[in-house]
Amino acid sequence: MQTSQKHRTPASIHRLCHQPVQETDPFCLSQFQILENNVCSDMGSQGTSVSFQNYKDQFFTLESSSATAGFVGYDSPSASAVSISSSRSPFSPQGSQSCLSDPHHSPDNTYGSPFSGSSLVDDGNELKNKLRELEISLLGPESDIIDSCNCCFNSGAHHAASMASINFDRLVEMIPRLDLKQVLVACGQALHDGDMSTVAGLMHVLEKMVSVSGEPIQRLGAYMLEGLRARLESSGSNIYKALKCEQPTSSELMSYMHILFKICPYWKFAYTTANVVINEVMEYEPKIHIIDFQIAQGTQWMYLIAALAKRPGGPPSIRITGIDDSQSNHARGGGLNIVGQRLAEFAKSYHVPFEFHDTAMSGCEVQLEHLKVQPGEAIAVNFPYVLHHMPDESVSTMNHRDRLLRLVKSLSPKVVTLVEQESNTNTSPFFSRYLETLDYYTAMFECIDVACPRDDKQRINAEQHCVARDIVNMIACEEHERVERHELFGKWRSRFMMAGFSPYPLSSSVTMAARDMLKEYNSNYRLEERQGALYLGWVNRAMATSSAWR
């Protein structure tokens, strides 16, 4: 979603928010019963550990094949013509450039730093040592690439440059022995250090190693390489905006998002946990007002309406205020009136009194008068993978992230539900953010990989149109152009408590419902309760958290 007209965001676990409604099931309820508190066998809560000159007319396209386009030097105007075919991005769908990383989480460079940060110099010994460090970090201490090229170590800049070129050509020959993740780390480190000769050489190597139809790390590498290219050209924002001109039709985009919605549990996790909490809190309330800051297609509320319709003594009256910016219209194929009509028809079929109020704007623009709160209503507010798109104090003095929390607190809601990606990309400097993106999305691509064949064209399109933009944005953009600004749960907890909220304890029913939902997914998904939140993880990586506040 977008934070404002100036803070455009992609579709990330953003475009999953626009989960498509299947034609075969007009109300999209199929077999996903999220409010059933069925006890299932314990999946285990194994560690979800948290370490957890612009060329404005150019377009970047990622081809649906191995990235083999020739690398163009960063100092050449033609470099802006490198190619990314993505136009949408899953969690979701800009922020500031800060020298200080988040005090709650500052990922260390556990990979080492093979580069000193200085440029290539005339001193043959210094160059030799530098390339040897690079070689060892990529190939191990037994490699003989540099030894075989010792004849090139003569004094003079010309010979030094020639040696660098020969070394990277030899690295290309040694690709079967290279560790792609280490090459990505080394390239990011070199860019951070300003060692552009090494960056150019490593990007040339990376071109031969990545593929959008390969292993998870190869697919991720393809998109990270485009992010690096965009950053070199200072054109991240241009790519980000230009991709909107490349976007698929509404029906195509819906099909791509449906693929990710079906094979990944992240949005179902959000719907399941939030709906169980709201259903419990509103058990005896006759008038319920739900304010959803990311209404998308409204599918989440169909499940809740169906559950509330079974209430003994009759259902309550329900009013939903749906907030969504204009960029979501494309994914929906129209405005929020479509959501209102769909929900109204569904509520009518369950004999539930219903009213829909649409607020077609970014969360950044929402003021008290837009929410149409009425006396006697019990209010629930839902923030599903959306607050991280709100610029905070590091981006703007308006600090919409905290302003919205204070606004919501002034409504005296009975409950506020929050679901966010468990990642730290808000105020982290470039290289820490780069490593975090690599770590987080490695897990993301792995969990997609186990659910869909690698050569599946639809899967490739889904990743390109629903994931790639987020990755490019986090790597290439800074300041207000960077909209992907995730924070760890510890930071969200601090923000909520500073706004006057206190944690709402999650009942065992929330955990049981989430576990029941996960039965249809790979066994590598994990659930863990801690710090008052429910963590969803992949193997040992925490991916998302769900919490409630009052």
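Residues numbered from 1 in each chain as written. Predicted model: local features only at pLDDT ≥ 70, side-chain atom pairs only at ≥ 80, totals over all residues. Heavy atoms only, no water.

A.B. asks: Break down the overall build of the protein for me, citing the residues and quoting the values.
C.D. replies: In terms of regular secondary structure, the protein is built from 17 helices and 8 strands. When each of the 550 residues of the protein is scored for burial, the buried share is 61%. For the protein, the exposed area adds up to about 19,900 Å²; of that, 49% sits on carbon and sulfur atoms. (Helix = DSSP H or I, 4+ residues; strand = E, 2+ residues; numbered from the N terminus. Buried < 20%, exposed > 50% of the residue type's maximum accessible area, 1.4 Å probe, protein only. Areas by Shrake-Rupley, 256 points an atom, 1.4 Å probe, with all protein chains shown as cover.)

A.B. asks: Describe in detail the state of the cysteines, supporting the description with residues and values.
C.D. replies: Overall, the coordinates contain 0 disulfides when judged by the stated rule. The thiol of cysteine 447 is not disulfide-bonded; the next cysteine sulfur, from cysteine 264, is found 4.4 Å away. Among the residues examined, cysteine 447 registers a relative accessible area of 1% and is labelled buried. (Disulfide = S-S within 2.5 Å.)

A.B. asks: How would you summarise helix α12 (residues 400-409) if you had to cite specific residues and measurements?
C.D. replies: For α12, a buried count of 8 out of 10 residues is recorded, marking the element as mostly surrounded by other parts of the structure. Within the sequence span of α12, burial applies to His400, Arg401, Asp402, Arg403, Leu404, Leu405, Leu407 and Val408.

A.B. asks: Break down the packing of helix α13 (residues 430-449) against helix α15 (residues 468-476) for me, citing the residues and quoting the values.
C.D. replies: In contact at an axis separation of 9 Å, α13 and α15 are set at 165° when each is read in the N-to-C sense. On the basis of the axis angle, α13 is roughly antiparallel to α15. In this structure, α13 crosses over α15, and the sense of that crossing is left-handed. Residues Phe430, Arg433, Tyr434, Thr437, Tyr441 and Phe445 of α13 pack against Asp470, Ile471, Met474 and Ile475 of α15. (Axes fitted to C-alpha atoms, helices over the stretch in contact; angles between N-to-C directions. Parallel < 35°, antiparallel > 145°, perpendicular 65-115°, else oblique. Left-handed = near helix turned anticlockwise from the far one by under 90°. Contact = heavy atoms within 4.5 Å.)

A.B. asks: How would you explain the pattern of salt bridges if you had to name every residue and give the values?
C.D. replies: Summed over the entire model, instances satisfying the criterion amount to 22 salt bridges. For arginine 495, the salt bridge identified is with aspartate 402, shortest N-O distance 2.9 Å. With a gap of 93 residues between them, arginine 495 in helix α16 (residues 489-498) and aspartate 402 in helix α12 connect regions that are remote in the sequence. Residues lysine 491 and glutamate 487 are paired through a salt bridge, measuring 3.9 Å at the closest nitrogen-oxygen approach. For the pair lysine 491 and glutamate 487, one class covers both residues: buried. (Salt bridge = Lys/Arg side-chain N within 4 Å of Asp/Glu carboxyl O.)

A.B. asks: Before we move on, could you go through the packing of aromatic side chains and cite the residues and values that matter?
C.D. replies: A complete count under the given rule lists 16 aromatic pairs for this structure. With centroids separated by 6.3 Å and ring planes inclined at 15°, the aromatic side chains of phenylalanine 431 and tyrosine 434 adopt a geometry described as stacked. Residue phenylalanine 431 and its partner tyrosine 434 are both found in helix α13; the two are separated by 3 residues, about one turn of the helix. Here the two residues phenylalanine 431 and tyrosine 434 agree in accessibility, since each one is buried. Relative to tyrosine 525, the ring of tyrosine 521 has its centre 6.1 Å away and its plane inclined at 80°; by these criteria the two rings are edge-to-face. Residue tyrosine 521 shares its accessibility class with tyrosine 525, and that shared class is buried. Three or more aromatic residues joined by ring pairs make a cluster, and in this case those are Phe489, Phe496, Phe501, Tyr535 and Trp549. (Phe/Tyr/Trp six-rings, centres within 6.5 Å; stacked < 30°, edge-to-face > 60°.)

A.B. asks: Can you explain the nonpolar core? Please cite residues and give values.
C.D. replies: In terms of nonpolar packing, the biggest core is built from 109 residues, with Tyr266, Phe269, Tyr434, Tyr441 and Ile471 touching the most fellow members. Counting 29 residues, the second-largest nonpolar core is a separate cluster that includes Val386, Met390, Leu407 and Val416. (Core = buried A, V, L, I, M, F, W, Y, C linked by side-chain atoms within 4.5 Å.)

A.B. asks: Can you break down the pairing of strand β4 (residues 378-384) residue by residue, with the values?
C.D. replies: Walk down a regular strand and you will see the side chains alternate between the two sheet faces. Counting buried residues along β4, 7 of its 7 residues qualify, which places the element largely inside the surrounding structure. Burial along β4 is two-sided: the face carrying Ala378, Ala380, Asn382 and Pro384 and the face carrying Ile379, Val381 and Phe383 are both buried. Inspection of the sheet shows strand β1 (residues 287-292) paired to β4 by 5 bridges, in the parallel sense. What sits directly across from isoleucine 291, in β4, is valine 381. Where β4 lies against strand β5 (residues 415-421), 5 bridges are found, and the strand directions are parallel. Across the sheet, the residue bridging to proline 384 is valine 419, located in β5. Crossover connection from β4 via α12 to parallel β5: handedness right-handed. (Pairing = 2+ DSSP bridges. Right-handed = clockwise from strand over helix to strand, strands pointing away.)

A.B. asks: Quick one: what's the story with the confidence of the model for the protein, residue by residue and with numbers?
C.D. replies: Averaged over every residue, the pLDDT of the protein is 76; residues scoring 70 or more account for 67%. Low pLDDT, under 50, characterises residues 1-28; the stretch is placed with 140 contacts to residues that sit more than four places away or in other chains. Note on residues 92-124: pLDDT is under 50 here. Beyond four places in sequence and across chains, it has 118 contacts. (pLDDT = per-residue confidence, 0-100.)

A.B. asks: How would you sum up the sheet that holds β4? Please name residues and give values.
C.D. replies: With mixed pairing, 8 strands are arranged side by side in an open sheet as β3-β2-β1-β4-β5-β8-β7-β6. Bordering the open sheet on either side are β3 (354-359) and β6 (525-530), each of which pairs with just one other strand. Sheet twist, expressed as the average angle between the axes of neighbouring strands with direction ignored, equals 15°. Along the sheet, α16 contacts β5, β7 (533-538) and β8 (541-549); its crossing angle with β8, the most-contacted strand, is approximately 15°.

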